[in-house]
Every structure is written in structure tokens, then in C-alpha cells.
Amino acid sequence: MAQLWGGRFTKETDKLVYQFNASISFDQRFFKQDIEGSLAHVRMLGKQQIITTKEMEDIIEGLQGIQQDVENGSLQITDEYEDIHSFVEANLIDRIGDAGKKLHTGRSRNDQVALDMRLYTRGEVLEVRELIKHLLTTILSIMEQNLDTYMPGFTHLQKAQPVTLAHHFGAYFEMFKRDSQRLHDIYKRMNYCPLGAGALAGTTYPLDRDYTAELLQFYGPTLNSMDSVSDRDYLIEFLSALSTIMMHLSRFSEEIIIWNSNEYRFVEIDDAFSTGSSIMPQKKNPDIAELVRGKTGRVYGALVSLLTTMKGIPLAYNKDMQEDKELTFDAFDTAKGCLHLIDGMLATMKFRKEVMEKSAMMGFTNATDAADYLVGKGVPFRDAHSIIGRLVLYCIDKNSSIDALSLDELKTISPVFEQDVYDAISLETCVSKRLTVGAPGQEAMQKVIALEKDFLANYDK
Ligand code: ARG
């Protein structure tokens, strides 16, 4: 048990207490960020002449050596240290002697851990944004190839009006676009450096906080030292954004599961993204989509857990905050994995265009347009609605679609029908006439696709 704070204590820590308190099993994840932060801190201490240039150089060399040795496997991070900060400092002192004891001058583990977690999370925000960009690119290419792939649009999971696959996927494009914008906002708000806040009240050393912030590519230092060591809002915001991403992925998964079912058969998930059954040889299950739907709960759990942890904590640092890590890391991993897998599943999925189109035809998705056709011939809308209602009943009885009836049959329902009705209620017409911004008509969709492309081209601005 290697501790940094033995001086005031007369007894050894109980073993269970030690284990309960220790965080090295999970905070070793930000080992690199811990070194990065220490390098910036020590460069600043040197620049401010709080330590000598020689001491600064020795510490830098020592820290870089530790990083190399851990990365090449010759130095193991073990649980004989309480946390990753203790591991690095103890190893530094072993390596370079007394100069190593000066690393922690003007710093506390409270601002150190706040910095490490922020650096690590900042990287994750960028990674998630990149994964979303890739997913958006996949969705957009499916949209471009399916402007004329007709399918039913649903309300209440009942066939409603015809749309296209491009339009349906366009809805998800919008959702994930907002998700990526949310991450962009979070990044801008969180990118301030807590280093130099000390335990809670700053320090008496002449630290240059602007300099460390600049070295670590933050916009600047945080402005209140008590807030700096006890703010975890940015994690809550990120977990909330991840929860929304998972909610979107889960809805998408749910649709794919329905579309892949034996009843719908709109899509076929590639073998590489499906699994079989140990007993039923005919089965090809959409397990990946189901797992994504299922894992959503885990990410929500991390958000609710951290909100609950934070709600009763007085200023400034309290050990409760160590609980900001494990579930959060799990949420990062889960969301990234899900984004990656859904992307791969979509890119390899087969769309059964004929089945989708037939489903749109047989589902009376053109009933509204049929009513509008009668309105165009002078029938008041309420009467037209009722005529088409009777027509639908007739079709259900005959197991037919509206367009498959002969003109004579149509005329028995209403004499207003003419030959031009077939063209007016074809799926092509129903869709292509819907041209308001955001509607599925091809011309309207082309304009939206151009805007979405623009969005992707300027993604990092
Ligand atoms: N492991 C701790 C955490 O994750 C590091 C900070 C420890 N600070 C302290 N005053 N005990 O929060």
C-alpha cells in the first residue's frame, strides 16, 4: 500500500478501507492524461522559477520515461498504489530522487483529477463526434440511393401515407445531426482548465494558469477554484447527450427489428450482423439491434447515477466524486460501440424495395391523395373522405389496392372517378407532389440532401 499522505497517520489503513477507497483499478484509464497534465504543470513551475530549470528537466524526463515504460510493458500499473496519481508520483521519485518530490508543488489531487477527467472526456467527446459523422455519411449515402424507394410512412405503427426510404432515413439524419451539434456545444463549454485550483482555494505560489491552459489546448483557465474542483456538470451534459444518442439508436434499432421481422421483410440484416439459434435452424436474429436497444438502459443509468451522486454534495471536493468514473467510462464505451455497430449494420443491410413498395400500395397509403383527387373534381372534402372510406372497405373485402380496381368498380362507389385517377394516386405522384421543405418529394429531398452535405463538409468548423 503506497500512500502519499502517511505523515499525519499513526496506524496502517485497514485493508478493506484501503480497497474501498482506492481508484487505481479504474482511474489508470487516464494514465496518459495524468502525465500530460503533470508535464504542463511542471513546465509552468519551471517557467515561473518555482522550481529550477534542472529540476524541471529532470521531472520531464522522468515522466516521459514512465510513460514509455508503461506503454512498452516494462512497467506495470498495479493496485499497490491508491490511484493513478500516486502511481506516477511514486515512480517518479524512485526514478529521479528528490526532484520528483517537487512535482506536486502548488497542486492538489483535487485539481489534478479534475484536469485528468476533463482531458480524457474532451477526447471522448471528439471521438463520439467522429463516429456520428461516419454514421451520418452512411445514412446520407443510403438516402441518395433511395429517393425513389417507396414505402409506407406510419403513424401508430399503422400505414399512413407513402414516403420514401430516403425520407425515412432523413429523419434519423436530423436526429444524429442534432446529437453532433450538442456535442459541439458541450465541448465549447467544457474546454476550460481547472489546473491551478489547488485543493479548493488556489495556491500561494505564483502559478501561471493561463500558461498551463494554453499548453493543454484549453480556451483558458476556469474562473473559480472551488467550482473547478467540484464541477462535474460537463460529465452530466455529456452523459445526457450520450443518453439522447442511445435513445435515437434504440428507436432506429427497434425499427430495423420490425422491418427485419418475417411479417415485414423490408430489410435483410447481413449475416455478419446477425446471429443464429442453437435449436431453431431457420433463425437469423437481429441480436445487434436488440443489444443496442438493451444497452440504452445502461447509459441512462450512468446519467441518473451521477446526477444523484452530485445532488447533495457541499462545496468543494468530496470523495463521492470519485464515483464519477466507472459508470461514466462504461457509458462512453457502450455508446461508442453501439454507434460503430449500427453504422456497420446499416452499411451492409439489404433493402427489399419491392416489398416496401408493395406494402405502401396495399396499405391504402394513397387514400388521402384519392380523397384530394375527388376534391379536385369539386367534391367537398368531408364527402370525399367518406367516399374513400367506403372504397377502402370495398378493397379490404376484395383484398385489393385502390389502384388495382377497374374504373367501372371505382364508378360504382362514386361516378366522379375518371381515367386520370390512376395517375393521381400512384405512389410516384403521391410522393413527387409533396414538395414543401422537409417533405418526401424528390425535388424537396434533393435540396435537403445538398444542405446535409454542406453540414458534413463543414463538420469541424
Ligand atoms: N481518486 C480521487 C477521485 O477520483 C482523486 C482525488 C483524491 N482527492 C482527495 N482529496 N482524496 O476523485
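This text goes with the structure placed above it.
What you see is a predicted model; the values in this text were computed from it and never measured. (Residues numbered from 1 in each chain as written. Predicted model: local features only at pLDDT ≥ 70, side-chain atom pairs only at ≥ 80, totals over all residues. Heavy atoms only, no water.)

1. Some details on the overall build of the chain
When helices and strands are tallied, the chain shows 19 helices and six strands. The C-alpha radius of gyration of the chain comes to 31 Å, more than 25% above the 23 Å expected for a compact globule of 461 residues. Along the three orthogonal principal directions, the C-alpha set of the chain runs to about 100 × 50 × 40 Å. Counting across all 461 residues of the chain, residues that qualify as buried make up 51%. Across the chain, contacts joining residues at least 24 apart in sequence account for 76% of those joining residues at least 6 apart. Taken as a whole, the chain presents about 22,300 Å² of accessible surface, with 52% of it coming from carbon and sulfur. Treating the 50 positive side-chain charges of the chain as one cloud and the 67 negative ones as another, the clouds have centres 2 Å apart. (Helix = DSSP H or I, 4+ residues; strand = E, 2+ residues; numbered from the N terminus. Rg over C-alpha atoms; globule rule 2.2 N^0.38 Å. Buried < 20%, exposed > 50% of the residue type's maximum accessible area, 1.4 Å probe, protein only. Contact = heavy atoms within 4.5 Å. Areas by Shrake-Rupley, 256 points an atom, 1.4 Å probe, with all protein chains shown as cover. Lys, Arg positive; Asp, Glu negative; His and termini not counted. Charge placed at Lys NZ, Arg CZ, Asp CG, Glu CD.)

2. Some thoughts on a nonpolar patch on the surface
On the surface, a cluster of nonpolar side chains totalling about 270 Å² of accessible area is made up of Leu-200, Met-226 and Leu-315. Along the chain, Met-226 falls in helix H9 (residues 225-230). A relative accessible area of 32% means that Met-226 is categorised as partly exposed. (Patch = residues over 30% accessible without salt bridge, like charges linked within 9 Å, V, L, I, M, F, W, Y side chains within 5 Å. Salt bridge = Lys/Arg side-chain N within 4 Å of Asp/Glu carboxyl O.)

3. Here's the deal with the site of the ligand
Every residue lining the ligand is accounted for by Ser-23, His-85, Arg-109, Asn-110, Val-113, Tyr-317, Lys-319, Gln-322 and Lys-325. Measuring from an oxygen atom of the ligand, one finds a side-chain N or O atom of Tyr-317 at 2.4 Å. Expressed as a share of its isolated accessible area of 340 Å², the protein-covered part of the ligand is 86%. Per element, the largest residue contribution to the shell around the ligand is three residues, and it comes from helix H6 (residues 109-145). (Near = heavy atom within 4 Å. Polar contact = N/O pair within 3.5 Å; in protein donor to acceptor, adjacent residues only side chain to side chain.)

4. Overview of the nonpolar core
Core analysis: the biggest nonpolar cluster contains 98 residues, and Phe-87, Ile-139, Phe-169, Leu-249 and Leu-346 have the highest contact counts within it. In contact with Phe-169, not counting residues within four places along its chain, are Ile-139, Ile-142, Met-143, Phe-252, Trp-259, Leu-346 and Phe-351. Membership of the second largest hydrophobic core comes to 21 residues, among which are Ala-367, Ile-388, Cys-395 and Leu-405. (Core = buried A, V, L, I, M, F, W, Y, C linked by side-chain atoms within 4.5 Å.)

5. Examining the side chain of Asp-83
Here Asp-83 is to be found in the loop between helix H4 (53-71) and helix H5 (84-96). A distance of 2.6 Å separates the side chain of Asp-83 from the side chain of Arg-109, its partner in a polar contact. With near-sequence residues (within four places) excluded, Asp-83 lies in contact with Ser-23, Ile-24, Asp-27 and Arg-109.

6. Concerning the pairing of strand S2 (residues 158-164)
Where strand S1 (residues 150-155) lies against S2, six bridges are found, and the strand directions are antiparallel. Following the sheet pairing, Thr-155 is matched in S2 by Gln-158. Where S1 folds back onto S2 in an antiparallel hairpin, the turn is made up of two residues, including His-156, whose phi is positive at roughly 55°. (Pairing = 2+ DSSP bridges.)

7. Digging into the pattern of salt bridges
Where side chains of opposite charge bring their charged atoms close, a pairing between them can arise. Within the structure shown, the criterion is met by 28 salt bridges. In this structure, Glu-452 and Lys-177 form a salt bridge, with 3.1 Å as the shortest nitrogen-oxygen distance. A residue pair is termed long-range when its members are at least 10 positions apart, and Glu-452 in helix H19 (residues 442-457) and Lys-177 in helix H7 (residues 165-190) qualify at 275 residues. Taken individually, Glu-452 and Lys-177 each receive the classification buried, so the pair is uniform in this respect. Ionic pairing is found between Arg-352 and Glu-268, a salt bridge with its closest N-O pair at 3.1 Å. With Arg-352 in the loop between strand S6 (350-351) and helix H13 (353-362) and Glu-268 in strand S5 (residues 267-268), the pair connects residues that are 84 residues apart, well separated along the chain. Accessibility expressed as a relative area gives 19% for Arg-352, which makes it buried. Looking at Glu-268, the relative accessible area reads 29%, which means it is partly exposed.

8. Focus: the layout of surface pockets
Empty space among the atoms becomes apparent when a probe as large as a water molecule is rolled across them. Here the largest pocket is characterised by a volume of approximately 350 Å³. Lining the largest pocket are 21 residues, and of these His-167, His-168, Gly-170, Ala-171 and Tyr-172 lie nearest its centre. Those elements that place two or more of their residues in the lining of the largest pocket are S1, H7, helix H10 (233-259) and H19. Per-class residue counts for the lining of the largest pocket are 12 nonpolar, five polar and four charged. Asn-260, Ser-261, Asn-262, Lys-284 and Asn-285 are, among the 15 residues lining the second largest pocket, the residues nearest its centre. Here the residues of the lining of the second largest pocket are counted per class, giving four nonpolar, five polar and six charged. (1 Å grid on protein atoms, 1.4 Å probe; cavity = no way out; pocket = protein on both sides within 12 Å on 5 of 7 lines; lining within 4 Å. Points joined across faces, edges and corners; volume = space filled by probe spheres on them. Nonpolar A, V, L, I, M, F, W, Y, C, P; charged D, E, K, R; others polar.)

9. Structural notes on the packing of aromatic side chains
By convention here, two paired aromatic rings are described through the distance between centres and the angle between planes. According to the stated counting rule, one finds 17 aromatic pairs in the structure shown. Taken together, a centroid distance of 5.3 Å and an interplanar angle of 85° make the contact between Tyr-81 and Phe-87 edge-to-face. Of the two residues examined, Tyr-81 and Phe-87, each falls in the buried class. Taking 5.3 Å as the distance between ring centres and 75° as the angle between the ring planes, the aromatic pair formed by Tyr-120 and Phe-329 counts as edge-to-face. Residue Tyr-120 is located in helix H6, and its partner Phe-329 is located in helix H12 (residues 326-348); the two are separated by 209 residues in the primary sequence. A relative accessible area of 3% places Phe-329 in the buried class. Taken together, Phe-30, Tyr-120, Phe-238, Phe-329 and Phe-332 form an aromatic cluster joined through their ring pairs. Seen from the ring of Phe-218, Arg-122 lies directly overhead, with NZ or CZ sitting 4.5 Å from the centre. Here the basic side chain of Arg-129 rests over the ring of Tyr-459, its NZ or CZ set 4.2 Å away from the ring centre. (Phe/Tyr/Trp six-rings, centres within 6.5 Å; stacked < 30°, edge-to-face > 60°. Lys NZ or Arg CZ within 6 Å of the ring centre and 35° of its normal.)

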